[in-house]
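# Structural overview for review
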Amino acid sequence: MAAAASMMPNFGQQISSKNDLVPDWTRQEVSTGTTIMAVEYDGGVVIGADSRTTTGAYIANRVTDKLTPIHDRIFCCRSGSAADTQAIADVVAYQLGFHSIELDEPPLVETAANLFRASCYRYREELMAGILVAGWDRRKGGQVYCVPIGGMLVRQPVSVGGSGSTYIYGFMDSNYKPGLSKDQCLELTAAALSLAMERDGSSGGVVRLASISEEGVERRVILGNQLPKFSTH
Amino acid sequence: MLGETGPEWLSEEVKTGTTIIAIEYNGGVVLGSDSRVSAGASVVNRVMNKLSPLHDKIYCALSGSAADAQTIAEIVNYQLDVHSIEIGEDPQVRSAATLVRNISYKYKEELSAHLIVAGWDRREGGQVFATLNGLLTRQPFAVGGSGSSYVYGFVDAEYRKGMSKEECQQFVANTLSLAMSRDGSSGGVAYIVTIDEQSTEEKVILGNDLPTFFDQ
């Protein structure tokens, strides 16, 4: 029957919707279901993300890298439509690279954030992208900027995004304090992402972390069995 | 005059947007709720007590449609009174939860309310039951309502087995405060009820006395 479906393309739509031979997920958009988080500390930022990309109920990629470099010391965390966020990140990386060469200086994190905002706001009707821009520059040190769906821009000391973020607002509010060290931020981010991955069906896999400071970028991965565990019945 | 429909909130259903929580400890339970009732964007009651007594030592926490939740609580209150007279002693918490579940399941298509039932009885001590959508399950703690989504991470991280009564009360107050500050449909004051063998204690924490966090 599968062969018959492909030999009669005109009836493809009818056939696929009437029987189970063509799974649902082939017609769903690819989305980074996601939990992402970014925290400022004195001297840099820590960013983290889960690693699940879904098309409907199918996990298209269980080891996705949602932490995308935009410049040497500027990263973005992507949530929403995988295609949209990849395209925007490519555009901004190009624009920022060009701008940095013109300036003959490393670019500001605020500049990168504004470039994201410009694209996300102009095409707000067509796009579905929630992005956290985080990095280090010489002027203001570590910074986190949130560019949610709709295209607004706000700087926050700590920010979460993606479908899994709703579950960890309470945890973030109660556990974040200004003045944490880099290692405390890494622990906080790993714990928050684990909690969200436990509750959100669209988030899961491994936890990817990165810390960005004047010295450079340090990346690490925490595998499933090494994630922090919490006692819940 | 023709075509004038009046303010939107007159035609919006009244919902207890809500955050509710119940947790058991060795010897009793603590229940907590916020106090906001909304009809669309309008807050129609900012001091509603969503912790409703079903019997002397059994309470339920209301969420979802205000009318549906209140009606279920009233009906079960009546059924429990009859049942406790029939058996000649205080009813079990499981019986109260089963009565709530029976209504929630039978009318699940028409109703949209979720009640958490918690209390103390002589046989099993403190117990918490969730009755979402017509299921019945006993849990060490349960959260519900629109505000609960924001605190799943917090309760998962902070809950430990064997907490004392005071630790449970603090846990409930912290959870409600976090949820109320993130959920637009939850707010007002926090009502906390503590039930154990000796007494049933009702307490209110006013807005400015609620625990605060780094950005407040």
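See the structure shown above.
The paragraphs below set out a description of the structure included in this document. Just so you know, these numbers come straight off a predicted model, no measurement behind them.

### Examining the interface of chain A and chain B
The interface of chain A with chain B comprises 21 residues on the first partner and 18 residues on the second. Approximately 1700 Å² of surface area, both sides summed, lies buried where chain A meets chain B, with 64% of it carried by carbon and sulfur atoms. The closest approach of N and O atoms between A:Arg199 and B:Asp156, which form a salt bridge, is 2.9 Å. There are 4 residue pairs in polar contact (both at pLDDT 80 or more) connecting chain A and chain B. For the side of chain A that touches chain B, the elements supplying multiple residues, two or more each, are α5 (169-175) and α6 (182-199) of chain A. Among the elements that line the side of chain A that touches chain B, the one with the most residues is α5(A), at 7 residues. Taken together, the residues of the side of chain A that touches chain B break down into 11 nonpolar, 7 polar and 3 charged.

### Details of the packing of aromatic side chains
Residue and element names in this part refer to chain B. Applying the stated rule across the entire model yields 7 aromatic pairs over all chains. When the ring of Phe 141 is compared with that of Tyr 159, the centres are 4.8 Å apart and the planes differ by 45 degrees; the resulting orientation is tilted. Here Phe 141, found in strand β11 (residues 141-144), pairs with Tyr 159, found in the loop between α3 (152-158) and α4 (165-182); they are 18 residues apart in sequence, far enough to count as distant. By the burial criterion, Phe 141 is buried, and Tyr 159 matches it. Between the aromatic rings of Phe 154 and Phe 171, the centroid separation amounts to 6.3 Å while the plane-to-plane angle is 20 degrees, which identifies the pairing as stacked. Residue Phe 154 is located in helix α3, and its partner Phe 171 is located in helix α4; the two are separated by 17 residues in the primary sequence. You'll find Phe 154 and Phe 171 in the same group, each marked buried. An aromatic cluster of at least three residues, connected via ring pairs, comprises Phe 141, Phe 154, Tyr 159 and Phe 171.

### Overview of the sheet that holds strand β3 (residues 44-49) of chain A
All names here are of chain A. Spatial ordering of the open sheet is given by β11-β2-β3-β12-β13, a layout of 5 strands whose pairing is antiparallel. Looking at which strands have only one partner, the edges of the open sheet turn out to be β11 (158-161) and β13 (216-222). Across the sheet, the mean angle from the axis of one strand to that of its neighbour is 15 degrees, orientation sign disregarded. The sheet contact formed by β3 and strand β12 (residues 207-213) spans 6 bridges and is antiparallel. Each bridged residue has a counterpart across the sheet, and for Gly 44 the counterpart in β12 is Ser 213. Together, β2 (36-41), β3, β12 and β13 form the strand contacts of α6, whose direction differs from that of β2 by roughly 165 degrees.

### What to know about empty space enclosed by the protein
Residues and elements named next belong to chain A. Under the counting rule described, the total for this entry stands at 1 cavity of 30 Å³ or more. Looking at the largest cavity, its volume works out to about 40 Å³. Around the largest cavity sit Cys 120, Arg 124, Leu 127, Ala 129, Pro 148, Ile 149, Gly 150 and Gly 151, which together line it.

### Section: helix α1 (residues 66-87) of chain B
Residues and elements named next belong to chain B. Along its 22 residues, α1 runs 31 Å from first to last C-alpha, staying within 8% of the 32 Å computed at 1.5 Å per residue. Here α1 has its buried residues at Ala 66, Asp 68, Ala 69, Ile 72, Ala 73, Val 76, Leu 80 and Ser 84. Here the buried residues of α1 occupy an arc of 150 degrees about the axis, which is enough to place them on one side. Facing away from the buried side of α1 by over 90 degrees, the exposed positions are Glu 74, Tyr 78, Ile 85 and Glu 86. Gly 88 occupies a position one or two residues after α1 and carries a positive phi of about 75 degrees.

### Considerations on unusual backbone geometry
Residue and element names in this part refer to chain B. For Thr 18, which is not glycine, the phi dihedral falls at a positive 80 degrees. Along the chain, Thr 18 turns up in the loop between β1 (14-16) and β2 (20-25). Given a relative accessible area of 0%, Thr 18 falls into the buried group. The residue Asn 133 is not glycine, and still its phi comes out positive at about 60 degrees. Secondary-structure assignment places Asn 133 in the loop between β9 (125-130) and β10 (137-139). Overall, Asn 133 belongs to the exposed group, its relative accessible area being 54%.

### Considering the pattern of salt bridges
Residues and elements named next belong to chain A. Under the criterion given, the structure shown has 13 salt bridges over all chains. Of the charged contacts in the structure, one is a salt bridge between Glu 110 and Lys 140, with a shortest N-O distance of 2.9 Å. Within this pair, whereas Glu 110 is found in helix α4 (residues 109-122), its partner Lys 140 is found in the loop between β8 (129-137) and β9 (141-147), the two being separated by 30 residues in sequence. Residue classification places Glu 110 among the partly exposed residues on the basis of a relative accessible area of 33%. With relative accessibility at 43%, the residue Lys 140 sits in the partly exposed group. Here Arg 220 ties to Glu 218 by a salt bridge, and the two come within 2.8 Å at their closest N and O atoms.

Conventions we followed
Residues numbered from 1 in each chain as written. Chains lettered and ligands numbered in written order. Predicted model: local features only at pLDDT ≥ 70, side-chain atom pairs only at ≥ 80, totals over all residues. Heavy atoms only, no water. Contact = heavy atoms within 4.5 Å. Buried area = accessible area lost by both parts, 1.4 Å probe. Salt bridge = Lys/Arg side-chain N within 4 Å of Asp/Glu carboxyl O. Polar contact = N/O pair within 3.5 Å; in protein donor to acceptor, adjacent residues only side chain to side chain. Helix = DSSP H or I, 4+ residues; strand = E, 2+ residues; numbered from the N terminus. Nonpolar A, V, L, I, M, F, W, Y, C, P; charged D, E, K, R; others polar. Phe/Tyr/Trp six-rings, centres within 6.5 Å; stacked < 30°, edge-to-face > 60°. Buried < 20%, exposed > 50% of the residue type's maximum accessible area, 1.4 Å probe, protein only. Pairing = 2+ DSSP bridges. Axes fitted to C-alpha atoms, helices over the stretch in contact; angles between N-to-C directions. 1 Å grid on protein atoms, 1.4 Å probe; cavity = no way out; pocket = protein on both sides within 12 Å on 5 of 7 lines; lining within 4 Å. Points joined across faces, edges and corners; volume = space filled by probe spheres on them. Expected span 1.5 Å × (residues − 1). Arc of directions from axis to C-beta.

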